[in-house]
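# Descriptive analysis of the structure
Spelled out, the chains give:
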Amino acid sequence: LLVKLNQHNPAVKDYICDVIRFWVKEFDIDGIRLDAADVLDFGYMQALRHTANEVKPDFWLMGEVIHGDYTRWVNEGTLHSVTNYHLHKALYSGHNDHNYFEIAHTVKRLYGMGGNRPDGLKLYNFVDNHDVERIYTKLNNKAHFSPVHVLLYTLPGIPSIYYGSEFGIEGKKERFSDDSLRPALSLSDYKEALKENSCTRLIASLGKARQEVKALSYGDYKELVLTNRQYAFSRSYDGEIVLVAVNNDDNDSYLRLQAGDAVEYMDMLSGETIPVQDGHIDVKISANSGQIWVPIHE
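In what follows, the accompanying structure is described. What you see is a predicted model; the values in this text were computed from it and never measured.

Throughout the structure, instances matching the rule amount to 14 aromatic pairs. The interplanar angle of 10° and the centroid separation of 4.0 Å between the aromatic rings of phenylalanine 167 and tyrosine 190 together place this pair among those described as stacked. Here phenylalanine 167 is found in the loop between strand 5 (158–159) and helix 7 (193–196), whereas its partner tyrosine 190 is found in the loop between strand 5 and helix 7, with 23 residues between them in sequence. Here phenylalanine 167 falls in the buried class, since its relative accessible area comes to 12%. The exposure class assigned to tyrosine 190 is partly exposed, which follows from its relative accessible area of 24%. With centroids separated by 5.8 Å and ring planes inclined at 40°, the aromatic side chains of tyrosine 218 and tyrosine 237 adopt a geometry described as tilted.

Shown next as structure tokens:
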């Protein structure tokens, strides 16, 4: 039922580009999301990118794309980012099936698309949105909420949270309606969530870690440990090596991780510290959890 516009028509391109200029001028917006970008004309998107570069150096164009080679849309001439449905699928099924190989192989494939460069492909990562079931509903084991979100915030890309999922709310996909995925929420019902809701506390801690640790946004990626139930990798930036480890098993796990040049490492989520010995740290990952280890120097 949406209006169909002829994207080849110069007048249409000019009109939409003027819409971008208006919103930047009037409200200083920082970006726009393009619905169903996989069916948009590439010349049309190039015109939008030209306008984006003109109105604001860091203006962001993000497109909704489900399948395909994301580099067709994400490059210097068209969009800055697209929705990372490949990783979305891997994150929930990799936990439901106890199969971290699916997640790691997806990351490797996507990272390779960007030429394995830290400044390469910056995809819009998510675990749920307005079109798919809430992650808390999707997970067979609700305890996997923790390692899923540790990965969301630490793997290459741009993490996003769909409103309400920071509280761990449910939402099931229905045949003829998406209403259950898009409920009206009263924030007064969640005013104590940071103290009372473990999901909210985790998301807040991960957001803080992401803000404070540049390697999680800009660092390169290197796989360190991979089994069906344990997965560890490093993100390196400006000489500092950050280590991430997750465990989807119902039992604790012990890993030896290659560390950087530091005296000890601290887990951003628990505050625990571990000394570096022989260039490694020996970590205990609790059942169904994750850790973000940052270096501490003397």
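Structure's up, so let's keep going.
We now examine helix 4 (residues 100–113). An ideal rise of 1.5 Å per residue puts 20 Å on 14 residues; helix 4 measures up with 20 Å between its terminal C-alpha atoms. Where helix 4 is concerned, the buried positions are Tyr100, Glu102, Ile103, Ala104, Thr106, Val107, Leu110 and Tyr111. Residues of helix 4 that are buried sit in contact with helix 3 (85–96), helix 6 (145–154), strand 6 (220–226), strand 7 (230–237) and strand 8 (240–247). Two to three positions downstream of the cap, the backbone nitrogen of phenylalanine 101 sits 3.2 Å from a side-chain oxygen, assigning the N-cap of helix 4 to asparagine 99.

With respect to topology, six strands assemble into an open sheet ordered 6-7-8-13-10-11, the strand pairing being antiparallel. Unpaired on one side and paired on the other, strand 6 and strand 11 (273–275) mark the two borders of the sheet. Neighbour-to-neighbour, the strand axes of the sheet open up by a mean angle of 25°, direction not taken into account. In the sheet, strand 10 (residues 264–267) pairs with strand 11 via three bridges, with the strands oriented antiparallel. Bridge pairing in strand 11 places glutamate 264 opposite proline 275. On top of the sheet, helix 4 reaches strand 6, strand 7 and strand 8; it is set at about 155° to strand 6, its chief contact.

A grouping of Tyr15, Val19, Phe22, Trp23 and Phe27 is seen on the molecular surface, where their side chains present a nonpolar patch of about 540 Å² in accessible area. Inspection of the secondary structure assignment puts tyrosine 15 in helix 1 (residues 10–27).

Notably, aspartate 28 is not glycine yet its phi reads approximately 55°, a positive angle. Mapped onto the elements of the fold, aspartate 28 is located in the loop between helix 1 and strand 1 (31–34). Here the phi dihedral of aspartate 238 falls at roughly 55°; this positive angle occurs in a residue that is not glycine. By the element assignment, aspartate 238 lies in the loop between strand 7 and strand 8.

We now examine the sheet that holds strand 3 (residues 81–82). Taken in spatial order, the three strands of this open sheet run 1-2-3, and their pairing is parallel. Of all the strands in the sheet, the pair left with one neighbour each is strand 1 and strand 3. Judged from the four bridges that link them, strand 1 and strand 2 (residues 60–63) form a sheet pairing that is parallel. By the bridge assignment, leucine 34 is partnered in strand 2 with glycine 63.

Under the counting rule described, the total for this entry stands at 18 salt bridges. Residue lysine 108 pairs with glutamate 223 through a salt bridge whose shortest N-O separation is 3.9 Å. Of this pair, lysine 108 sits in helix 4 while glutamate 223 sits in strand 6; the two residues are 115 residues apart in sequence, bridging distant segments of the chain. The exposure class assigned to lysine 108 is partly exposed, which follows from its relative accessible area of 47%. The class for glutamate 223 is partly exposed, based on a relative accessible area of 28%. Here glutamate 192 ties to lysine 195 by a salt bridge, and the two come within 2.9 Å at their closest N and O atoms. Judged by its relative accessible area of 30%, glutamate 192 is partly exposed. Note on lysine 195: relative accessible area 64%, which makes it exposed. Ionic contacts of the salt-bridge type, sharing partners, join the residues Asp131, Lys173, Asp178 and Arg182 into one network.

Parameters at a glance
Residues numbered from 1 in each chain as written. Predicted model: local features only at pLDDT ≥ 70, side-chain atom pairs only at ≥ 80, totals over all residues. Heavy atoms only, no water. Phe/Tyr/Trp six-rings, centres within 6.5 Å; stacked < 30°, edge-to-face > 60°. Helix = DSSP H or I, 4+ residues; strand = E, 2+ residues; numbered from the N terminus. Buried < 20%, exposed > 50% of the residue type's maximum accessible area, 1.4 Å probe, protein only. Expected span 1.5 Å × (residues − 1). Contact = heavy atoms within 4.5 Å. Polar contact = N/O pair within 3.5 Å; in protein donor to acceptor, adjacent residues only side chain to side chain. Pairing = 2+ DSSP bridges. Axes fitted to C-alpha atoms, helices over the stretch in contact; angles between N-to-C directions. Patch = residues over 30% accessible without salt bridge, like charges linked within 9 Å, V, L, I, M, F, W, Y side chains within 5 Å. Areas by Shrake-Rupley, 256 points an atom, 1.4 Å probe, with all protein chains shown as cover. Salt bridge = Lys/Arg side-chain N within 4 Å of Asp/Glu carboxyl O.

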